[in-house]
Each structure stands twice: as structure tokens, then as C-alpha cells.
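Observations on the model geometry
What follows is each chain in one-letter form.
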Amino acid sequence: DINDPPTTPFLISYHLDTERLMKTFDDSISAEDKAVYLAGINYITSICNGITRGASGEVLRRKIAYMVPALPGRFLTLLSAKDPMAMALIARDLCLLRLVDWSWWLHGPKNMNVEEYHVRGICELMPIEWLWAMDWPLKVASGRLGLNGLAPVTDPRQPKIPLRAIESTAHAKA
């Protein structure tokens with residue numbers, strides 16, 4: 001549950017990220033959509049807790065793979081409509097693949113970083129004003145954020161800012 005106190009650097013970063021996401025909940029969001037978002041947050045929280053508590057790779061892979069069907073059907077509708085919150089949540093689910101043991105049926109070829117590929121793809125679809133919501137998933141998917149917290153800044157695999165974000169920022173300043 002999201003209300004459980006975080007006990008590791010990874011869970012602390014996750015809880016801070018989740019609090020930031022939940023601050024976007026306002027009166028413009030329907031009660032149904034808010035319930036779907038909270039269900040997604042609670043689902044991802046259970047995966048994060050499982051990772052830090054040493055749950056088996058088999059259980060964790062299944063939970064990550066089955067997030068969409070486990071949530072209310074409305075989640076898939078929001079995701080299909082490229083709803084920024086739904087995309088931010090699926091990015092959080094997919095980035096967690098980085099923290100579980102490799103499995104061919106979920107990770108693909110050993111030389112493919114499928115979680116980073118998909119999280120970066122979601123970044124490309126995300127409206128510019130929502131790119132902040134991709135910070136945490138990018139850090140996890142790239143290996144910059146792991147179970148022990150942030151990796152050294154010199155990590156060559158640290159997340160790169162999507163080119164579209166740089167271009168948009170440059171155009172806004174001009």
C-alpha cells in the first residue's frame with residue numbers, strides 16, 4: 001500500500017515520485033479516472049515492495065507483465081487515448097523490468113534493454129508539460145536508480161533527455 005512507510009532508498013525515491021504524481025489530481029479528473037490512477041499506483045507500489053523484499057523473479061515478472069489486465073478496463077482506454085497519467089504509470093511498470101531477473105519472454109534478446117526502449121518511447125508520446133513525470137522511470141530503466149538509490153553521476157548509462165524536449169525548450173526560449 002502507498003501508505004506503508006518506505007524502508008529503502010529505492011522505496012523513498014518511489015514514494016516521493018508518487019507524491020509528486022498525485023499532486024496532479026484535481027477537480028478536473030473524474031472520480032472514475034482518479035480511482036483507476038490510484039489502482040495503478042497501488043499495483044506498482046506492490047511490485048516495488050516485492051522487489052525490495054526479495055520476492056521471486058517469477059512472481060515479479062508476472063506482476064509487471066499483467067499490470068494492464070489487472071487494472072480496471074478504463075486504464076486501457078486512458079492509455080489508448082495517450083492520457084499522460086496513464087502513460088506515466090505504464091512507464092513506471094515497464095521500468096521495473098530493469099530490477100528483475102532476465103527472462104526471454106519478457107525482456108527479449110539479452111542485448112536489448114527493452115525497459116529503457118519502451119520508457120523512452122513513452123517519453124516521445126508524452127506532452128512536453130508532462131515530461132517531468134518521466135524522470136523516475138527513466139532513472140530506473142537506465143540503471144541510474146537502483147535498489148540502493150542513485151548511481152554515481154559518472155554512470156555512462158545515465159538517462160538522456162529526449163531530443164524533442166531539448167528542441168521544445170530551445171524554441172520556447174527563442
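Residues numbered from 1 in each chain as written. Predicted model: local features only at pLDDT ≥ 70, side-chain atom pairs only at ≥ 80, totals over all residues. Heavy atoms only, no water.

1. As for the nonpolar core
- Ranked by internal contacts, the top residues of the largest apolar core, which has 46 residues, are F75, L89, L96 and W136.
- For this core, the secondary structure elements donating two or more residues are α1 (9-22), α2 (31-52), α3 (57-65), α5 (73-80), α6 (84-95), α8 (114-125) and α9 (135-142).
- Discounting residues that sit within four places of it in the chain, L96 has contacts with F10, I44, I47, C48, I51, I64 and W136. (Core = buried A, V, L, I, M, F, W, Y, C linked by side-chain atoms within 4.5 Å. Buried < 20%, exposed > 50% of the residue type's maximum accessible area, 1.4 Å probe, protein only. Helix = DSSP H or I, 4+ residues; strand = E, 2+ residues; numbered from the N terminus. Contact = heavy atoms within 4.5 Å.)

2. Considering the pattern of salt bridges
- Scanning the model with the defined rule gives five salt bridges in all.
- One salt bridge connects R74 with D33, and the closest N-O pair in it is separated by 2.6 Å. In this pair, R74 sits in helix α5 while D33 sits in helix α2, placing the two residues 41 residues apart along the sequence. (Salt bridge = Lys/Arg side-chain N within 4 Å of Asp/Glu carboxyl O.)

3. Focus: α5
- Restricting attention to buried positions, one finds in α5 the residues F75, L78 and L79. Taken down its axis, α5 places every buried residue within 100° of arc, on the same side. Away from the buried face of α5 by more than 90 degrees, exposed residues G73 and S80 are located.
- Tucked inside the fold, the buried residues of α5 contact α2, α4 (67-70) and α6.
- Just past α5, the residue K82 takes up positive phi, approximately 60°. (Arc of directions from axis to C-beta.)

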